[in-house]
Amino acid sequence: MINVIGLGYIGLPTALMFAHSGLEVVGTDLNSQLIDTLNQGNLTFEEDGLEELFKSACNKGARFTTEYQKTYTYIVAVPTPYIKENKKLDPKYVLSAIKNILNVCEKGALIIIESTISPGTIDKYVRPEIEKKGYIIGEDIHILHAPERIIPGKMIHELQYNARTIGTDSKEIGEKVKGLYKKFCKSEIIITDIRSAEMSKVVENTYRDVNIAFSNELAKICHEANMDVYEVIKIANKHPRVNILQPGPGVGGHCISVDPWFLVGDYPELTKLISVGRQINDSMPSHVIKRIRDIMKIHNIEDVSKVGLYGLTYKENVDDTRESPTLQLLEVMEQHLSFGIKVFDPLIKTKITNHQFVDFTEFLSEIELIVIMVGHDHIVESKNLITDKLILDTKNVLKLNNTYKL
């Protein structure tokens, strides 16, 4: 039996995929409301293909509980936030999961950490916790790191087709765990040492963050110089060795906006580029505010309540609001503009902020300037409804003439 610890955006799809593949799976989460929802046959978030996978997994015996199980195989998929004061990883959720596992596990158990952790976390925090309990690592307990590599909106596909990495102390144990993931992973699975596995996952997200920071800085330069940044990027990307990403109103989600800080926190003197990249991306909500102010001034809009932000999620076509640039912008805006700005997102059905609308028509009736913060398919399909509005398109998805760009 596999006991998956943490049933959020990573743990739940992983548990369901293992169960769908025919393995006995119990999902554990300390959130009793989440467990009740799952046991009632309902999902806790939306994702393409997840409903069908959920039904298949439940039909094959997948169970959900708040209790840790006595077994030989654990997958830890709990949150790994960073401490804002020093930018270091906060390991409290991982350590809590490890402690609870050690209280019930069988001798010789495999503990596979999928949560993204900073390089050296297992050596610094996890091994001492296991040894403190009197266990011998490599005999009584086998610790591994198999970082997830999936993104909301494409979780099921990426679980199957993205390459994976397994960090381990023992090639033999690594091959054993590789066999588990091969139940559903159709791509390459690389076995390496634990520290390399920790580092590789953080590096992947840091690379993307720095690339996005370059495009965002380029957007600011082009705005200042009265040039179209999207045209510049399109032309530059014709070069066979250039691949500039698209700028945007900020970087959200629980990976790209968080993981680079792990390196900055642990190696502050060696991460100048990474640190500046993070600062640039974190500055983008303030840049959007400046653009809003400019447009309001040009068109004599004095009341910020006539401005509407479209999109609350951190990326298009998902219902995940973690580290959302829109929420970041609202936090900054309270300090700089009068209150009352409107907000709408077609995928967020419950109200999570002030002046949030759940009806698009009503939202449009209240505003003069619509700021596209997220490029949901919905807004592209609805663009004919907003041709009478002023538009600030921070995602460059509408391609309308009466549109301001980032």
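Owing to the predicted nature of the structure, the values given are computational and were not obtained by experimental measurement. (Residues numbered from 1 in each chain as written. Predicted model: local features only at pLDDT ≥ 70, side-chain atom pairs only at ≥ 80, totals over all residues. Heavy atoms only, no water.)

Engineer: Please give an account of the environment of I244 that cites residues and values.
Structural biologist: Relative to the helices and strands, I244 is located in the loop between helix 9 (229-236) and helix 10 (259-266). On the accessibility criterion, I244 (12% relative accessible area) is buried. With residues near it in sequence (within four places) discarded, I244 still touches N211, F214, S215, I233, A236 and N237. (Helix = DSSP H or I, 4+ residues; strand = E, 2+ residues; numbered from the N terminus. Buried < 20%, exposed > 50% of the residue type's maximum accessible area, 1.4 Å probe, protein only. Contact = heavy atoms within 4.5 Å.)

Engineer: Explain the nonpolar core to me, and be specific about the residues and the numbers.
Structural biologist: With 42 residues, the main nonpolar core has L7, F18, F64 and Y181 as its most contacted residues. Among the secondary structure elements, those contributing two or more residues to this core are strand 1 (2-5), helix 1 (11-20), helix 2 (32-39), helix 3 (50-59), strand 5 (109-113), helix 6 (155-161) and helix 7 (171-181). No other element matches the six residues that helix 1 contributes to this core. Beyond its immediate chain neighbours, meaning those up to four positions away, L7 contacts L12, A15, G27, T28, D29, L34, I35, L38 and F64. (Core = buried A, V, L, I, M, F, W, Y, C linked by side-chain atoms within 4.5 Å.)

Engineer: Would you mind going over the sheet that holds strand 10 (residues 342-344) in detail, with residue names and values included?
Structural biologist: Overall, parallel pairing links the six strands, which are arranged 11-10-9-12-13-14 in an open sheet. Looking at strand neighbours, the two that pair on one side only are strand 11 (356-357) and strand 14 (403-405), the edges of this open sheet. (Pairing = 2+ DSSP bridges.)

Engineer: Run through unusual backbone geometry, naming residues and quoting values.
Structural biologist: Positive phi, normally seen in glycine, also occurs at E323, with a value near 55 degrees. Its place among the elements puts E323 in the loop between strand 9 (307-310) and helix 12 (325-336). When its relative accessible area of 37% is taken as the criterion, E323 is described as partly exposed. Here the phi dihedral of N396 falls at roughly 55 degrees; this positive angle occurs in a residue that is not glycine. Its location among the elements puts N396 in the loop between strand 13 (390-393) and strand 14.

Engineer: Let's hear about the packing of helix 8 (residues 194-224) against helix 9: which residues, and what values?
Structural biologist: Where helix 8 contacts helix 9, the two axes come as close as 9 Å, and the packing angle between them is 125 degrees. Taken together, the axis directions place helix 8 and helix 9 in an arrangement best described as oblique. Regarding helix 8 and helix 9, the two cross each other, and that crossing is right-handed. In this structure, helix 8 contributes S215, L218, A219 and C222 to the contact, and helix 9 contributes V229, V232 and I233. (Axes fitted to C-alpha atoms, helices over the stretch in contact; angles between N-to-C directions. Parallel < 35°, antiparallel > 145°, perpendicular 65-115°, else oblique. Left-handed = near helix turned anticlockwise from the far one by under 90°.)

Engineer: Hey, could you go over the sheet that holds strand 8 (residues 189-192) for me, with residue numbers and the actual values?
Structural biologist: The eight strands are arranged 3-2-1-4-5-6-7-8 in an open sheet whose pairing can be described as mixed. A single partner strand is all that each edge strand has here, and the edge strands are strand 3 (63-65) and strand 8. Within the sheet, the average angular offset between the axes of one strand and its neighbour, ignoring direction, is 25 degrees. As paired elements, strand 5 and strand 6 (residues 141-145) share five bridges and run parallel to each other. For A109, the partnering residue across the bridge sits in strand 6 and is I141. Against the sheet, helix 5 (residues 121-132) engages strand 5 and strand 6, with an angle of about 160 degrees to strand 6. Strands in contact with helix 7 are strand 1, strand 4 (73-76), strand 5, strand 6, strand 7 (164-168) and strand 8; relative to strand 7, the strand with the most contacts, it is inclined by about 150 degrees.

Engineer: Can you break down the layout of surface pockets residue by residue, with the values?
Structural biologist: For the second largest pocket, the calculated volume is near 340 Å³. Lining the second largest pocket are 15 residues, with K84, D282, E323, Q328 and E331 positioned closest to its centre. The residue inventory of the lining of the second largest pocket, partitioned by class, reads six nonpolar, four polar and five charged. (1 Å grid on protein atoms, 1.4 Å probe; cavity = no way out; pocket = protein on both sides within 12 Å on 5 of 7 lines; lining within 4 Å. Points joined across faces, edges and corners; volume = space filled by probe spheres on them. Nonpolar A, V, L, I, M, F, W, Y, C, P; charged D, E, K, R; others polar.)

Engineer: Break down helix 3 for me, with residues and values.
Structural biologist: Within helix 3, burial applies to L50, L53, F54, S56 and A57. One face of helix 3 carries all of its buried residues, which in axial projection span an arc of 170 degrees. Facing away from the buried side of helix 3, by more than 90 degrees, are the exposed residues E52 and N59. Those residues of helix 3 hidden inside the fold are in contact with helix 1, helix 2, strand 3 and helix 6. Residue G61 follows helix 3 closely and has a positive phi angle near 105 degrees. (Arc of directions from axis to C-beta.)

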